[in-house]
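Chain residues, written in single-letter form:
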Amino acid sequence: MVLSVSERTFTQEVLESPIPVLVNFEAPWCGLCRIIHPLLLQFQAQCGEEIKLVGVNADQNFKLSTTYRLKSLPTWLLIENGTIRHRLECFRGREDLRLALEDIKARYTSSSKIYKSSKTVDLECRSA
């Protein structure tokens, strides 16, 4: 389940979070928002406690929508230490969203940092 955040709880849950937070701005009338919800739940399960996922109803939280200058829904903001690190908007479909989530997961989870080492490993296939 995605944690629902409002203007009242946004500072505590997002800006002061000790881990990166992916904020999903959505609305009940947004068809794409409903379609991608299972994809977000899968992302949340894969990232565990390394990236927090929260949802914001853009219609009910107009001040946040204005502050972050939403142009379309869904809009995702990856916020780390109170600073926006990535802004993702104007998706063309489910595949765009999936690729964006894969990119975030690769950058912000420890399992992917293993592969970002500066050392190279010889993985050449050898025959016996």
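Before reading further, recall that the structure is shown in the block above.
Residues numbered from 1 in each chain as written. Predicted model: local features only at pLDDT ≥ 70, side-chain atom pairs only at ≥ 80, totals over all residues. Heavy atoms only, no water.

Caption draft 1: Structural view of the packing of aromatic side chains. Enumeration according to the criterion identifies 2 aromatic pairs in this entry. Judged by centre distance (5.6 Å) and plane angle (50°), the ring pair of Phe-10 and Tyr-68 falls under tilted. Residue Phe-10 is found in helix H1 (residues 10-15), and its partner Tyr-68 is found in the loop between helix H3 (62-67) and strand S4 (75-80); the two are separated by 58 residues along the sequence. Comparing Phe-10 with Tyr-68 shows no difference in burial state: the two are buried. Measuring from centroid to centroid gives 6.1 Å for Phe-25 and Tyr-68, while their planes differ by 45°, and the two rings are tilted. A residue pair is termed long-range when its members are at least 10 positions apart, and Phe-25 in strand S2 (residues 21-26) and Tyr-68 in the loop between H3 and S4 qualify at 43 residues. The two residues Phe-25 and Tyr-68 agree in class, both being buried. A network of ring pairs unites the aromatic residues Phe-10, Phe-25 and Tyr-68 as a single cluster. (Phe/Tyr/Trp six-rings, centres within 6.5 Å; stacked < 30°, edge-to-face > 60°. Helix = DSSP H or I, 4+ residues; strand = E, 2+ residues; numbered from the N terminus. Buried < 20%, exposed > 50% of the residue type's maximum accessible area, 1.4 Å probe, protein only.)

Caption draft 2: The arrangement of the sheet that holds strand S5 (residues 83-88) in detail. Pairing in this open sheet of 5 strands is mixed, and the strands run S1-S3-S2-S4-S5 from one edge to the other. Either end of the sheet is taken by a strand with one partner, and the two such strands are strand S1 (3-4) and S5. Here S2 runs beside strand S3 (residues 52-57); their pairing, made up of 6 bridges, is parallel. Note that in S3 the partner of Asn-24 across the bridge is Gly-55. Taken strand by strand, helix H2 (residues 31-47) contacts S2, S3 and S4, and its axis lies near 165° from that of S2. (Pairing = 2+ DSSP bridges. Contact = heavy atoms within 4.5 Å. Axes fitted to C-alpha atoms, helices over the stretch in contact; angles between N-to-C directions.)

Caption draft 3: Representation of the environment of Ser-72 in the model. Along the polypeptide, Ser-72 turns up in the loop between H3 and S4. Residues Ser-72 and Cys-90, spaced 18 residues apart in sequence, show a C-alpha to C-alpha distance of 6.3 Å. Among residues more than four places away in sequence, those in contact with Ser-72 are Glu-89 and Cys-90. Reaching out from Ser-72, the side chain makes a polar contact with the backbone nitrogen of Cys-90 at a distance of 3.5 Å. (Polar contact = N/O pair within 3.5 Å; in protein donor to acceptor, adjacent residues only side chain to side chain.)

Caption draft 4: Quick peek at helix H4 (residues 94-108). The end-to-end C-alpha distance of H4, which contains 15 residues, comes to 21 Å, matching closely the 21 Å that a straight helix rising 1.5 Å per residue would cover. Taken as a whole, H4 has its buried residues at Leu-97, Ala-100, Leu-101, Ile-104, Lys-105 and Tyr-108. For H4, the angular spread of the buried residues around the axis is 135°, confining them to a single face. (Expected span 1.5 Å × (residues − 1). Arc of directions from axis to C-beta.)

Caption draft 5: Spatial organisation of the nonpolar core. Core analysis: the biggest nonpolar cluster contains 18 residues, and Leu-22, Phe-43, Ile-51, Trp-76, Leu-101 and Ile-104 have the highest contact counts within it. Those elements giving two or more residues to this core turn out to be H2, S4 and H4. When residues no more than four places from it in sequence are discounted, the contact partners of Ile-104 are Leu-22, Phe-43, Ile-51, Leu-78 and Leu-88. Core analysis: the second largest hydrophobic core is formed by 17 residues, Val-21, Val-54, Leu-64 and Leu-77 among them. (Core = buried A, V, L, I, M, F, W, Y, C linked by side-chain atoms within 4.5 Å.)

These values are about where atoms sit, not about what they do.
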